Amino acid sequence: MQILGVILVALVSVRLLQSIIAAVQSHSNARHRTQRTLQLLDEQIAAVQALRVQRESQQMHWNGYRKFKLSKKIKEARDVCSFYLVPHDGKPLPRYLPGQFVTFRFQVPDPNKGQMKSVVRCYSLSEAPREQYYRITVKRVPPPARTNIPPGLISNYLHDQVNVGDLLDLQAPRGEFSLDPANSKPVVLIGGGVGVTPVLSIANAILESETGNDVWFLYGVRCGEDHAMRDHLRQLEQKHENFHLHVRYSQPGENDLCERDYDTSGHIDINLIKSLVKVTNLDFYICGPPQMMDSIVTGLRDWGVAEDHIHREAFGRATLSKVANKDETQLKHDKLDSKKTLSIQFNRSNRNLTWDGSHNCLLDLALEAGINIDSGCRAGSCGSCEIAVKSGEVGCRVEPGINIDKGSCLACISYPKSELILDA
Ligand SMILES: Cc1cc2nc3c(=O)[nH]c(=O)nc-3n(C[C@H](O)[C@H](O)[C@H](O)COP(=O)(O)OP(=O)(O)OC[C@H]3O[C@@H](n4cnc5c(N)ncnc54)[C@H](O)[C@@H]3O)c2cc1C
Ligand code: FES
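Residues numbered from 1 in each chain as written. Chains lettered and ligands numbered in written order. Predicted model: local features only at pLDDT ≥ 70, side-chain atom pairs only at ≥ 80, totals over all residues. Heavy atoms only, no water.

## Focus: the overall build of the chain
Then step 1. Each helix and strand in the chain was counted, giving nine helices and 19 strands.
Then step 2. Scaling as 2.2 N^0.38, a compact globule of 424 residues should have a C-alpha radius of gyration of about 22 Å, and the chain matches this with 24 Å.
Then step 3. Dimensions along the principal axes, computed over C-alpha positions, put the chain at roughly 85 × 55 × 50 Å.
Then step 4. In the chain, buried positions account for 45% of the 424 residues.
Then step 5. Across the chain, the fraction of contacts at a sequence separation of at least 24, relative to all contacts at a separation of at least 6, is 64%. (Helix = DSSP H or I, 4+ residues; strand = E, 2+ residues; numbered from the N terminus. Rg over C-alpha atoms; globule rule 2.2 N^0.38 Å. Buried < 20%, exposed > 50% of the residue type's maximum accessible area, 1.4 Å probe, protein only. Contact = heavy atoms within 4.5 Å.)

This is the structure we're talking about:
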C-alpha cells in the first residue's frame, strides 16, 4: 500500500511539472506533445488510485459474518423500506462496487417448530458506495393470493420486527452485477419493482463520479403507491443532463397523473427501450421480475445487443441465466445426466437419498428430505449453499457467479453426474 502511495506522489509531481512546462511552451507541436503526456499521466494516476482503493477495500474485507447496527429505517413506498446499517465494531467499511449485494443471516422463530432457526437472505445495496454505512431497500413479500401460504418470512420480519439499534449479521458485499463507475461507458439501467435497488446504486455512483456518461434509467412499477425513490429520481433528472429517466406504471391508480407521476403506462418492453435508446452498443443492466427480465433479454438479443453487454440480476431463480459456456451437445448430455438415478450420501446428516431427476438441484433434494443447507440467492451468486464434494462428480446448471473452493459445489445450481458423497 505504501509503495502505491509513493508511486502516486511521484506521478502527481511529474504531472505538476509537465503542466508548468505546458503553460510556458509557445510552439504548438511541443505543446501538443506535452498535452498528450499529461493525458497519459492522468490515466496512470487514475489507474494507481483505483488499484489503491481496490487494495484498501480487500484489506478491509471480512470473512464470515460481521455485526451491523440498524441506524435508520425509512419508508420509501407502501411496502418498501430502506435500512441503513453501520458496523457495530466502528471499523471502516470496504468499498463495494455499485450493484453488489450483501448476505444476511437472521435468527427467527420457526413457525412450524416454535424454536429459533437460522435463515440466510441476500439484499442488494441500494446506495452508491459509502464509507460510513450500507443501505438496503426491501419490499414486503405478501402471501400468494387466495392461499393459506404464509407471507415472506424475512421481508416481513425486517419491516415489522427489526428496529433502530438492533444488530444484524452480514457478510461482505459481493456479486458480478456491478460496474466500476470510473471505467463505465453509457449505460441503460432497467429496474422492475424492487429490482430497482441495484440499478439505483449504479446510477447514483455514475452520476456522483461525474464522468458525464449518459445514463438511461427505466423504472417500471405497478402504480404511485409502489413508486419508491420518486423524489430522489426526479432530483437526479433535474440536476444531471446526462440522466434520462422514464417511469412506467403497469396499473396507474386513480390519483396517479401521467407526466406528473409517471411517463407512460404498460410494462417495460423492448419497444420502449428501442424508442428511447436507439443504439445497441451500450451496456444494459436489468433487474426485476423473471417474466420482465426474460422478455427484455430476449428482445435485446433479437435486436442484436451483444451477449456480454447484457447484465442481469435475479432476486431468486433466474430462468435465462448465463449457461456455463456450453455448446448444444454438452447441454443435451447434461440434461440426460441430470435424469439418471443415483445414490447421494449426505455424510454429516447420515442420510442416503436417491436422485431420480425430479429435482432441480441438490439443494432441493436435501431441503425436501429435511437436510438443512443454508441458501440465500438460489442462483449461484451468494455462496451460502457451498458444500464439499467428498467423492463423485457434479454438473452446474448455470455458471456460478462466484469463485468457490476446488472440490466444492454450489448446491442450488448443481446436479449429480455420478453417485456422490457430500459433506452436509
Ligand atoms: C442477489 C439478490 C439481491 C436481492 N435484493 C433484494 C432487494 O434489494 N430488495 C428486496 O426486497 N429483495 C431482494 N432480494 C430478494 C430477497 O433476498 C428475498 O428473497 C425476499 O425478501 C423474500 O424473502 P422472504 O423471506 O420475505 O420470503 P420467503 O419466506 O422466502 O417467501 C418467498 C415466497 O414464498 C412464499 N412461501 C412461503 N412459504 C411457502 C411455502 N411453504 N410454500 C410455498 N410458498 C411459500 C411466500 O408467501 C412468498 O411469496 C434479493 C435476492 C437476491 C438473490
Ligand atoms: S444459495 Fe446462493 S449460491 Fe446457492
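Read on, since the account is not over.
## Considerations on the packing of helix α6 (residues 270-277) against helix α7 (residues 290-303)
Then step 1. Contact pair α6 / α7: the axes reach a minimum separation of 9 Å and the direction vectors enclose 50°. Here α6 is positioned oblique relative to α7, judged by the angle of their axes. Contact residues: I270, I273 and K274 in α6; I296, G299, L300 and W303 in α7.
Then step 2. Within the contact of α6 with α7, the residues separate by chemical class into five nonpolar, one polar and one charged. (Axes fitted to C-alpha atoms, helices over the stretch in contact; angles between N-to-C directions. Parallel < 35°, antiparallel > 145°, perpendicular 65-115°, else oblique. Nonpolar A, V, L, I, M, F, W, Y, C, P; charged D, E, K, R; others polar.)

## Quick look at the site of ligand 1
Then step 1. Taken together, 25 residues surround ligand 1, and among them R121, C122, Y123, P150 and S155 come closest.
Then step 2. P142 has a polar backbone atom sitting 3.5 Å from an oxygen atom of ligand 1.
Then step 3. Within the complex, the protein chains bury 73% of what would otherwise be the 980 Å² of accessible surface of ligand 1.
Then step 4. The leading source of residues in the shell around ligand 1 is strand β4 (residues 116-124), at four residues.
Then step 5. Here the shell around ligand 1 gathers at least three residues from each of two domains, domain 2 (66-170) and domain 3 (181-313). (Near = heavy atom within 4 Å. Polar contact = N/O pair within 3.5 Å; in protein donor to acceptor, adjacent residues only side chain to side chain. Areas by Shrake-Rupley, 256 points an atom, 1.4 Å probe, with all protein chains shown as cover. Domains from an automatic or database assignment.)

## Describing the side chain of S126
Then step 1. Among the secondary structure elements, S126 is positioned in the loop between β4 and β5 (134-139).
Then step 2. Looking at S126, its side chain comes within polar contact range of the side chain of R135, at 2.8 Å.
Then step 3. Among the polar contacts listed, one links the side chain of S126 to the side chain of T137, at a separation of 2.8 Å.

## Topic: the sheet that holds strand β17 (residues 408-410)
Then step 1. Overall, mixed pairing links the five strands, which are arranged β14-β13-β19-β15-β17 in an open sheet. On the outer flanks of this sheet lie β14 (351-355) and β17, each paired with one strand and no other. Adjacent strand axes in the sheet meet at a mean angle of 35°, parallel and antiparallel pairs treated alike.
Then step 2. Relative to β14, strand β13 (residues 342-346) is paired through five bridges, and the arrangement is antiparallel. Residue pairing across strands places I344 opposite L353, the latter belonging to β14. (Pairing = 2+ DSSP bridges.)

## Let's talk about the domain arrangement of the chain
Then step 1. Per the domain assignment, the segments of the chain are domain 1 (2-60), domain 2 (66-170), domain 3 (181-313) and domain 4 (328-422).
Then step 2. With centres defined by C-alpha atoms, the gap from domain 3 to domain 4 works out at 35 Å.

## A closer look at the UniProt feature "domain: FAD-binding FR-type" (unreviewed entry) in the chain
Then step 1. In this structure's numbering, the residues bearing the UniProt feature "domain: FAD-binding FR-type" (unreviewed entry) are residues 63-180.
Then step 2. When the span residues 63-180 is considered, its composition is 8% helix and 41% strand, and the gap between its end C-alpha atoms is 23 Å. (UniProt positions renumbered as here; feature names shortened; annotations may be inferred.)

## Some thoughts on α6
Then step 1. Within the span of α6, buried status applies to I270, L272, I273 and V277. Taken down its axis, α6 places every buried residue within 160° of arc, on the same side.
Then step 2. Contacts made by the buried residues of α6 are with β7 (187-192), β8 (215-221), β9 (243-249), β10 (264-265), β11 (283-287) and α7.
Then step 3. One or two positions beyond α6, positive phi appears at K278, with a value near 75°. (Arc of directions from axis to C-beta.)

## Considerations on the nonpolar core
Then step 1. One finds L189, V215, F217, L233, F243 and Y285 to be the most contacted residues of the largest nonpolar core, which totals 28 residues.
Then step 2. At the level of elements, β7, α4 (196-209), β8, α5 (230-239), β9 and β11 are the ones that each hand at least two residues to this core.
Then step 3. Considering each element in turn, this core owes the most residues, seven residues, to α4.
Then step 4. Of all hydrophobic cores here, the second largest spans 26 residues; its members include I402, L410, A411 and L422. (Core = buried A, V, L, I, M, F, W, Y, C linked by side-chain atoms within 4.5 Å.)

## Describing the packing of aromatic side chains
Then step 1. This model, assessed by the stated rule, comprises ten aromatic pairs.
Then step 2. Centre to centre, the rings of F104 and Y123 are 5.8 Å apart; their planes meet at 75°, and the pair counts as edge-to-face. With F104 in strand β3 (residues 101-109) and Y123 in strand β4, this pair connects stretches of sequence that are 19 residues apart. You'll find F104 and Y123 in the same group, each marked buried. (Phe/Tyr/Trp six-rings, centres within 6.5 Å; stacked < 30°, edge-to-face > 60°.)

## Side note on unusual backbone geometry
Then step 1. Positive phi, normally seen in glycine, also occurs at M229, with a value near 60°.
Then step 2. Tracing the sequence through the fold places M229 in the loop between β8 and α5.
Then step 3. Phi angles above zero are rare outside glycine, and N350 is one such case at about 60°.
Then step 4. Residue placement: N350 occurs in the loop between β13 and β14.
Then step 5. Under the relative-accessibility criterion, N350 is labelled exposed at 70%.

## Some points on the environment of S265
Then step 1. Position of S265 among the secondary structure elements: in strand β10.
Then step 2. Judged by relative accessible area, S265 falls into the partly exposed class, the value being 45%.
Then step 3. Sequence-wise, S265 and G220 are 45 residues apart; in three dimensions their C-alpha atoms are separated by 9.0 Å.
Then step 4. In contact with S265, other than residues within four places in its own chain, are R248, Y249 and P252.

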